[in-house]
Structure formats: C-alpha cells, structure tokens
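Residue-level structural notes
The residues making up each chain are set out below.
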Protein chains: 2
Amino acid sequence: MPNFAIIGSGAMGSAVAKRLIDHGATVLTYLEGRSEQTIARAKAAGMVPVGRQELTKAELILSIVPPAEAIKVAELVADISSAMSAPPPFIDLNAIAPKTMQALAARFEGSSVEVLDGAIIGGPPVTGKSGPTIYISGDIAERSRPLEDCGLRIRRLDGPLGAASALKMCYAGINKGFVGLGTAMLLAASRSGAAESLKAELSESLPDIDRRLSGSIPDMYPKAYRWVAEMQEIADFLGENDPAATIFRGMADVFSRMANDVEGSRVLVEQLDEIIGRPGS
Amino acid sequence: MPNFAIIGSGAMGSAVAKRLIDHGATVLTYLEGRSEQTIARAKAAGMVPVGRQELTKAELILSIVPPAEAIKVAELVADISSAMSAPPPFIDLNAIAPKTMQALAARFEGSSVEVLDGAIIGGPPVTGKSGPTIYISGDIAERSRPLEDCGLRIRRLDGPLGAASALKMCYAGINKGFVGLGTAMLLAASRSGAAESLKAELSESLPDIDRRLSGSIPDMYPKAYRWVAEMQEIADFLGENDPAATIFRGMADVFSRMANDVEGSRVLVEQLDEIIGRPGS
C-alpha cells in the first residue's frame, strides 16, 4: 500500500489527501504549530500526523501550501532528508513562478533528493469528479506514477524544471486576467451610462464571453484579495522585457480595488451585479 | 426619398452608403483631395460626389473616418452649417473616446446643429447580413430614424453625449483585450516549454475561450498595428484614476510588438500558429 507525505492540509492539501486515502493510500502529514482548524481538517481527511523526521518514511513527499510558504517547506524537507542515502523524491505543487521554483530547487543542492515541479489546475478533488489535473514537469522516472494509481489525474510535461509552474501562470493569466478585463470594462460602462447596451451587445455578438463573465465575475468577489498577489506573481514571471507584465500589474490593482470594495462599501459589487443581472436584450 | 451625406468613404463608410443606397436613399459625399482609390470606392458604392456646401442639402450628415480625422471633419461641418438657420443634424460614428467626443461637440457651440454621438460595432455591412449595429446616444428626437428605415440596425442609447463612444471603448476593451491577453500568455507558455500542455488544458477546461482564441489571434495579425492606437485610446478613456488604464497601456505594447513582428521576422507569429495549430489533446 503506497505511503505518501503531504505538507499542507488546507482545502486543497486535505482534499488531495482524501482522494489518495480513498484509494487505499496512507498519507502522513506534519502538524506541529498548526491551528486547531487545520489539525481538525487533516484528521477529518484521514491524514496521519507524524514527527518531521518520519515524513521521510513516505515514498513521495508533496508540498501543497500557500505560495509564500513554498520555500520554507522545501527547506524543511531538505533538512530532514540531508542525512539519508536514498531520500524520497519531493514534488512542489504550489502556484509559484518558475524563477521561485528554481530558487526552491537550489535549496536541495548537494543532497540526493529528486526535486520535481508540479502545478494543480482546477479546484480541490471532489468525490465523483476526476479533476483537478496535476501537471508535473521533468518527471522522466515517473515518480508521480503512484499518485496516478491512487486516483489523481496526472499529466507529465515534457519540459524543464519550471515548465509546470509556467503552465500554471499562463493558465491563470488567461482565466483570471479575462475576469479582470471584464470587471474593468463593465465598471467603466456603468459609470458612462453604457452598461445596458454593452450587456445587450455582448450577449448578442459574443455570447460565450458574456456567459463566462456573468458566471465568473461574482465568483471572483471573495477571491479578489488572493488574486492581487497572483497577478503580481504573473507580472514577475513575464519579466521586465515582456510588455505584458504591465497588463498584470494593472490587473493586480484592479483586483485590489475590488477586494477593498468587497470588504467595504460594496459599491462596485452592486454596479457589477446590476449589469450582470440585466436580461440580455 | 431620403438624402444623406456621409463624409468618409473608406471600407466602412462606403459599405454603409451602399446599404442605404440599396434601400432607395441618395448618399452625398465630399471627395476633394481624396486618393484615386477612395474616389473609385465611393463611386462603386453609388455615392454622389458634391461640393462641400452642398453636403448641407442632406437631411442628416454622418462622419465615418479614422479616429484621428474626426475633429477635422466636425470642423468642416460646423463651418458649412454656420450660416444656416436649420442645418441638418450631424452624427459622429467614429471610434473616439467620450472626451474627444465632447471636444468635437464643442466645435458646434453657438451653431444650431444638433450633434449626436454614435458608434459602429461590427464589421462593414454585407449584403444578406443585418449587422453591424449602430449605437446612438442622446437621440431623443430620433434623428437616426431615416437610417433605420433604410436598412441599418440602429440602437438608441438612453445615455448622455459620449455614451455611445464609451460603449465602443468598453466593447473593444473586452473583445480585443481578450486577444491581447491570450497572445501574451501563449507566447509566454511557448518560451517556457509549456505551450502544448496549456493548449490541451484550455481545450478541456475552457473550451469556449480556447475556440475564440484560436480564431481571433490569427485574425489579429494584420490589424495589430491599428490596435496599438485603439488600446491607448481605451487607456485614455479609463483615465488616470482607474487602475485598468495600466492594463491597456500594456496591451498597446503587446500589439506594437506583434505589429513589428508581423512586418518583420514573424518569429512570434510562427510560435502562435504552432500552438494554435496543435490538436487540442
């Protein structure tokens, strides 16, 4: 029976663990210093809390944490693996830029840990649905095979370390950038007295875009504060030589304005809801 | 039989004229100083070239020219109408920002010309199709009714002078901004070794977005040079207080880079074509 370790038991980490456990795996985790809520969620998913050194008894160690914690987790894993001759491979599955992934891998220099770059696209696993898709780049030895055998949808990318992280950035740039674009233009139309006509024109001449905006703008409200950092990360990923970096710096500010509005007066939320709620003709 | 004047006989102006003429109208135009090509196109559409003062014999004067010429045309119309007690109304149909529209209307101060703000959404009229849609704001007296009677699709906006121009900006911001976003992220994926996976993921989880990008990116290549100015106009429209203005300054640079590539090495065009051409799985 396969034995994994997952560091991170947030909504995504615990749901990935549950999928693996439902397929017969044992999933170790490390909970020292975590909140009661996190401990409760890990236990509810069936994860087994162990001491930090015991994490290395797994055949694969996964990191599923907020982007800002990714390096710290890698350092912990490098530390506990340092004395081992055959430590388990380590897969970072976090939404970090390829450059951050390179810096993370550098923490393992001189050790025998195989470091892999992964990215999760889609929401947390839900019983009865096959997603999300987990992309892993440079996995020539198919270290991720046991995850596949335990019910996760894995795709191996034929790219260098960082390619999976880049994929995640590009996908988010299109998917979330599109929401930012729509949000900005609907608000501009609203303050110019053109909202009703814009909605009617979109529903007629760009019905697919209209449908997607109407669904994804309200979904964005509670996430806007998180998307600010994600947009900045995409701008960094694109780099100073790519003019598109400017687009994402603007996107970060658009979502920051939305996040403030969501927590505050909700004037913008009301304007958007009014446009989206109008009948399309 | 209605009698219109259209200043501008480019692809759009001449096609609008033809639609009106096909419905029994006479369309006057002013061709002094225009190129042979323009004169030939106007005549092919059935437009009647007249002297500038004779334009005022129409019951409605329309301006359909490149954005940079809109003010000059308005000044011409203000000039020929100045001595008249009941000059024909004037409709500006150009892709200009609301602020430019206000400046244009100011050229008629002290005259009795009724100035209306319009915008054309969609390509030039084609026999057998009902589009494009022409939006006109503030047309309380329904001056645009004769255009409707002669086969054009007219929508009157219940908004101030500038609302139709704003609508055009917002629509273009979504429609063309989306193409800019997709272009930027597909190119980033291409240089990161993640293009194939990105295309596969898009076609599976965002099939409507994938389809639209695959169609609209190649359509953009020959227009990229024109879109640079359009994106800058949208940034100006949004104004310094709107963080989304930054998005469109970035978009202008993305299309500028594409325009240079299209005329030059076509390295980016090839990268995009390769991604778009890949089978989606």
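Every chain begins its residue count from 1, and numbering advances along the sequence as written. Lettering for chains starts from A, numbering for ligands starts from 1, and both go in the order in which the items are written. Local features are withheld for residues below a pLDDT of 70 in this predicted model, meaning they are given only at 70 or higher, and side-chain atom pairs are given and counted only at 80 or more; totals for whole chains, interfaces and linings count all residues. Only hydrogens and water are set aside; all other atoms, that is, all heavy atoms of the structure, feed into the side-chain values.

As annotated in an unreviewed UniProt entry, chain A carries the name NAD(P)-dependent oxidoreductase and is attributed to Rhizobium indicum.

Thoughts on the relation of the copies chain A and chain B
Mapping chain A onto chain B leaves a residual RMSD of 0.1 Å; the transformation is a rotation of 180 degrees accompanied by 0.0 Å of translation along its axis. Seen this way, the second copy is the image of the first under a two-fold rotation axis. Taking the C-alpha atom as reference, chain A places A:Ile247 closest to the rotation axis, 2.0 Å from it. By definition, residues are in contact when any of their heavy atoms lie within 4.5 Å. Residue by residue, 100% of the interface of chain A is reproduced at the interface of chain B, so both copies engage with the same surface. We place the copies in one frame by least squares, fitting the C-alpha atoms of every residue whose pLDDT is at least 70 in both.

As for unusual backbone geometry
All names here are of chain A. The omega torsion of the bond from Gly131 to Pro132 falls at 0 degrees, within 30 degrees of zero and hence cis. The numbering of helices and of strands both runs from the N terminus, where a helix is a DSSP run of H or I of at least 4 residues and a strand a run of E of at least 2. If you trace the backbone, Pro132 turns up in the loop between strand S6 (115-121) and strand S7 (133-137). Its identity is not glycine, yet Arg266 carries a phi of approximately 60 degrees, on the positive side. The buried label applies to any residue whose accessible area, calculated with a 1.4 Å probe on protein chains only, is under 20% of its type's maximum; exposed applies above 50%, and partly exposed to all values in between. Under the relative-accessibility criterion, Arg266 is labelled partly exposed at 36%.

Here's the deal with the sheet that holds strand S8 (residues 153-157) of chain A
Residue and element names in this part refer to chain A. We treat two strands as partners when DSSP finds at least two bridges between them. Read from one edge to the other, the open sheet built from eight strands follows the order S3-S2-S1-S4-S5-S6-S7-S8, with strand pairing classed as mixed. The open sheet has two edge strands, strand S3 (48-49) and S8, and neither has a second partner. Pairing geometry for strand S2 (residues 26-29) and S3, over two bridges, is parallel. Looking at S3, one finds that Leu28 is bridged to Val48. Angular values range over 0 to 180 degrees, each being the angle between N-to-C directions of two axes fitted as lines to C-alpha atoms, with helices fitted over their stretch in contact. Where helix H3 (residues 70-81) meets the sheet, its contacts fall on strand S1 (3-7), strand S4 (60-63) and strand S5 (90-92), and the angle it forms with S5 comes to roughly 175 degrees.

Overview of the interface of chain A and chain B
Accessible area lost upon the coming together of the parts is a frequently used measure of interface size. Contact residues are listed per partner, giving 53 residues for chain A and 54 residues for chain B. By salt bridge we mean one thing: a side-chain nitrogen of Lys or Arg within 4 Å of a carboxyl oxygen of Asp or Glu. The interface formed by chain A and chain B includes ten salt bridges. For B:Arg191, the salt bridge is made with A:Asp242, and the minimal N-O distance between the two is 2.8 Å. Residues adjacent in sequence count toward polar contacts only when both atoms are side-chain atoms; beyond that, a polar contact is any pair of N or O atoms within 3.5 Å, and within protein one must be able to donate a hydrogen and the other to accept it. Across the chain A-chain B interface, the total number found is twelve residue pairs in polar contact (both at pLDDT 80 or more). Of all elements in the fold, only S7, S8, helix H6 (163-191), helix H7 (195-205), helix H8 (207-220), helix H9 (224-238) and helix H10 (244-263) of chain A reach the threshold of two or more residues within the side of chain A that touches chain B. Here the element with the most residues in the side of chain A that touches chain B is H6(A); it accounts for 18 residues. Split by residue class, the side of chain A that touches chain B holds 32 nonpolar, twelve polar and nine charged. Charged means Asp, Glu, Lys or Arg here, nonpolar means Ala, Val, Leu, Ile, Met, Phe, Trp, Tyr, Cys or Pro, and polar covers whatever is left, Gly included.

Considering the domain arrangement of chain A
All names here are of chain A. Entries for chain A in the domain assignment read domain 1 (3-160) and domain 2 (166-277). For every domain, the bounds stem from an assignment made automatically or drawn from a database. Taking only C-alpha atoms into account, the centre of domain 1 sits 31 Å from that of domain 2. Counting residues at the interface gives ten residues for domain 1, matched by seven residues for domain 2. Put simply, buried area is the surface a 1.4 Å probe can reach on two separate parts but cannot reach once they are joined, added for both. Summed over both partners, the interface of domain 1 with domain 2 buries about 780 Å², with 74% contributed by carbon and sulfur atoms. If you sort the residues of domain 1 by the area they bury against domain 2, Ala95, Pro98 and Ile121 come out on top, with a joint share of 51%. Taken together, the connections running from domain 1 to domain 2 amount to zero salt bridges. At the boundary of domain 1 and domain 2, one finds two residue pairs in polar contact (both at pLDDT 80 or more). Where the side of domain 1 that touches domain 2 is concerned, the elements lending two or more residues are helix H4 (98-106) and S6. Counting residues per element, the side of domain 1 that touches domain 2 draws most heavily on S6, at three residues. Considering only residue class, the side of domain 1 that touches domain 2 consists of nine nonpolar, one polar and no charged.

What about the pairing of strand S4 (residues 60-63) of chain B?
All names here are of chain B. Along S4, one buried face is formed by Leu60 and Leu62 and the opposite face, lined by Ile61 and Ser63, is buried too. In the sheet, strand S1 (residues 3-7) pairs with S4 via four bridges, with the strands oriented parallel. Paired with Ile6 across the two strands is Leu62, which belongs to S4. Bridge count for S4 against strand S5 (residues 90-92) is three bridges, and the pairing is parallel. Bridge assignment links Ile61 to a residue of S5, and that residue is Phe90. The handedness of a crossover follows from its direction of travel: if, with the strands pointing away from the viewer, the path from the first strand over the helix to the second runs clockwise, the crossover is right-handed. Handedness of the crossover is the feature at issue here: the chain leaves S4, passes through helix H3 (residues 70-81), returns alongside S5, and the resulting connection is right-handed.

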